[in-house]
Structure formats: C-alpha cells, structure tokens
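# Geometric and topological summary
Chain by chain, the residues:
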Amino acid sequence: AQSVTQPDIHITVSEGASLELRCNYSYGATPYLFWYVQSPGQGLQLLLKYFSGDTLVQGIKGFEAEFKRSQSSFNLRKPSVHWSDAAEYFCAVGPPAGGGNKLTFGTGTQLKVEL
Amino acid sequence: EAQVTQNPRYLITVTGKKLTVTCSQNMNHEYMSWYRQDPGLGLRQIYYSMNVEVTDKGDVPEGYKVSRKEKRNFPLILESPSPNQTSLYFCASSSTVFESGLGKNIQYFGAGTRLSVL
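Throughout what follows, the structure given in this document is the object of discussion.

The next point concerns the overall build of chain B. A tally of helices and strands in chain B yields zero helices and 13 strands. Traced from its N-terminal end to its C-terminal end, chain B shows the element sequence β-β-β-β-β-β-β-β-β-β-β-β-β. Expressed as a percentage of the 118 residues in chain B, the buried residues total 47%. For chain B, the proportion of contacts with a sequence separation of at least 24, taken over those separated by at least 6, is 55%.

Here it is in structure tokens:
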C-alpha cells in the first residue's frame, strides 16, 4: 500500500533562513507528487506538483521541490523564508496516469517562523 | 472563478442528529472526493466519485454516506454522527488533462468544514 512520510512534525526557522521540508514515499510505481500548504483556518493550496520530466520543479511563493527517484523523496525547499510562510505543509502522492485520482497524504509539517 | 464550495464552514451538532455537508464545484470536474483531517493523521479519504452515480469507499468510510446525482454536487451525509467524527472535512474535485500524451490531474480543495459532534 502506498504511504507518505513527513518525518518532521514541527520545524522552526528564523525569517530569512533557508528551509527544507522532507517527504518520503512508498509506492509501487513512480507516482505523481504534490506539496500543499494550509494556512491557519484556511483550506489547502497547491504549492507545486511533479508529473514527469525535470526533477526540480518550481512552485508558487518561491518554493521548489526536487524529486529523487533513488531515495523515493520529494523534499520542499525555499532559499529565504518569510514570516507569512508559517503554516502546515502536506506532501501527497497520487497514482500515475490512468490510475485514478486518489491522493495519499503525509501527516504534515507545521512550520513556525521566528522574526 | 474556479472553485469548490463547501457549506457550512462550521457546524456543532449532537450525537445522532443527521447532518449533510454540501460540496459544489464549478469546473465541470468528473472526480470528486471527501477527506477528513485529524491532528497527526493528515488527510484521509472518506469517499470518492468518478462521475455521476458512481461512488466508492475511500480509506475511512464508516459512518458516512455520499451521493452524486449531479456532476457539480457531492454531499457528505452523516446519518447518525458520533463524537469520533469530530474533524475538519475537505471536499476536492479534479479532472484529468492530457498534455503530450500524459494524463495529469490536480485536485482543488474547498475551504473546509469544521464539525464538532457533542
């Protein structure tokens, strides 16, 4: 069965510092990969996605993620964090083309930004 | 504006009192889904629908019902709510778009419904 692991439940960084949120997955084939962000009291917003091709993908708000097949990872990065980035971040995997639309989510990483 | 609309946003109810959370999308998506979000568990799929009159169980369907009579609507029904159904619920919709021979789908989420069952 597919699963997603986000090993860091909470992360605290200083504003302006770099950020990396980890995501590892277990899947039978190379899945589609997503990062979503949930600001307090808000819904889920898609940050970026990987379907195929270039393994470094760019998203909104200055985020990027790198797919590493050999490590089954899809870590999220940002070079300089802003206070407004404080939120909960979810990594998710979905079946490749033709396999349906169900997303399997990690348990989330809560990001706190210190000013 | 493309969106998924859930109502109500907040709901407090008592054990056993039937309730319905509505979900509507204006993107003509075939696929719709319900998730619940609980602390430390992330989001788990409750039910999904591939199209009108086609629904199936997700990972945690017990205690829930759904229907898909129209393409745009996918209500979640709790016939007899219990306190363990206190949670944050999200509706999502998606459609598969083919680009360069590759089927891609992105799920769009509603703003969520926070349910408390006393």
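Our next topic: the state of the cysteines. Residues and elements named next belong to chain A. Counted according to the given criterion, the structure contains two disulfides over all chains. The disulfide that involves Cys23 links it to Cys91, with 2.0 Å between the sulfurs. Here the S-S torsion is close to -65°, and the disulfide linking Cys23 with Cys91 is therefore left-handed. Residue Cys23 is found in the loop between strand 3 (19–21) and strand 4 (24–26), and its partner Cys91 is found in strand 10 (residues 87–94); the two are separated by 68 residues along the sequence.

Facing 23 residues of chain B, the contacting portion of chain A comprises 22 residues. For the pair chain B and chain A, the two sides together bury roughly 1,800 Å², of which 57% comes from carbon and sulfur. Breaking the side of chain B that touches chain A down by element, the ones donating at least two residues are strand 4 (31–38), strand 5 (42–51), strand 9 (87–94) and strand 11 (102–105) of chain B. When residues of the side of chain B that touches chain A are assigned to their parent elements, the largest contribution, four residues, is made by strand 11 of chain B. For the side of chain B that touches chain A, the class distribution of residues is ten nonpolar, ten polar and three charged.

Moving on, we come to the nonpolar core. One finds A:Leu19, A:Trp35, A:Leu47, A:Leu48, A:Phe74, A:Leu76 and A:Tyr89 to be the most contacted residues of the largest nonpolar core, which totals 26 residues. Secondary-structure elements contributing two or more residues to this core are strand 2 (10–14), strand 3, strand 5 (32–38), strand 6 (44–50), strand 8 (64–68), strand 9 (73–78), strand 10 and strand 12 (109–114) of chain A. The element that contributes the greatest number of residues to this core is strand 10 of chain A, accounting for four residues. If you look at the next biggest cluster of nonpolar residues, it comprises 19 residues, including B:Phe74, B:Leu78, B:Tyr89 and B:Cys91.

This paragraph deals with the side chain of B:Ser93. Residue and element names in this part refer to chain B. Relative to the assigned elements, Ser93 resides in strand 9. Here His29 takes part through its side chain, which lies 2.8 Å from a polar atom of the side chain of Ser93. Not counting residues within four places of it along the chain, the set of residues in contact with Ser93 comprises Val4, Gln25, Met27, His29, Tyr31, Met32, Ile106, Gln107 and Tyr108.

Charged atoms that come close allow side chains of opposite charge to pair. On inspection of all chains with the given rule, the structure shows nine salt bridges over all chains. Of the charged contacts in the structure, one is a salt bridge between A:Arg77 and A:Glu66, with a shortest N-O distance of 3.2 Å. Of this pair, A:Arg77 sits in strand 9 while A:Glu66 sits in strand 8, placing them eleven residues apart in sequence. You can call A:Arg77 partly exposed: its relative accessible area is 24%. Across the salt bridge formed by B:Lys71 and B:Glu30, the nearest N and O atoms sit 3.8 Å from each other. Residue B:Lys71 is found in the loop between strand 7 (65–66) and strand 8 (76–78), and its partner B:Glu30 is found in the loop between strand 3 (19–25) and strand 4; the two are separated by 41 residues along the sequence. Assessed through its relative accessible area of 25%, B:Lys71 is described here as partly exposed. One network of salt bridges, with partners in common, ties together A:Glu64, A:Glu66 and A:Arg77.

All names here are of chain B. On the basis of which strands lie adjacent, the open sheet formed by four strands has the order 1-3-8-7 and antiparallel pairing. Two strands in the sheet have a free side with no partner beyond their single neighbour: strand 1 (4–7) and strand 7. Bridge analysis of strand 7 against strand 8 gives two bridges, and the strand direction is antiparallel. Across the sheet, the residue bridging to Val66 is Leu76, located in strand 8.

Right, let's get into the pairing of strand 9 of chain A. Looking along a regular strand, one sees side chains alternate from face to face of the sheet. Residues and elements named next belong to chain A. Among the six residues that make up strand 9, five are buried, leaving the element largely enclosed by the rest of the structure. Bridge count between strand 3 and strand 9: three bridges; the pairing is antiparallel. Bridge pairing in strand 9 places Glu20 opposite Arg77. Bridge count for strand 8 against strand 9 is five bridges, and the pairing is antiparallel. Within strand 9, the residue paired with Glu66 across the bridge is Asn75. Here strand 8 folds back onto strand 9, and the loop between the two strands holds four residues, one of which, Ser72, carries a positive phi near 50°.

Reading the values: rules and limits
- Residues numbered from 1 in each chain as written.
- Chains lettered and ligands numbered in written order.
- Predicted model: local features only at pLDDT ≥ 70, side-chain atom pairs only at ≥ 80, totals over all residues.
- Heavy atoms only, no water.
- Helix = DSSP H or I, 4+ residues; strand = E, 2+ residues; numbered from the N terminus.
- Buried < 20%, exposed > 50% of the residue type's maximum accessible area, 1.4 Å probe, protein only.
- Contact = heavy atoms within 4.5 Å.
- Disulfide = S-S within 2.5 Å.
- Buried area = accessible area lost by both parts, 1.4 Å probe.
- Nonpolar A, V, L, I, M, F, W, Y, C, P; charged D, E, K, R; others polar.
- Core = buried A, V, L, I, M, F, W, Y, C linked by side-chain atoms within 4.5 Å.
- Polar contact = N/O pair within 3.5 Å; in protein donor to acceptor, adjacent residues only side chain to side chain.
- Salt bridge = Lys/Arg side-chain N within 4 Å of Asp/Glu carboxyl O.
- Pairing = 2+ DSSP bridges.

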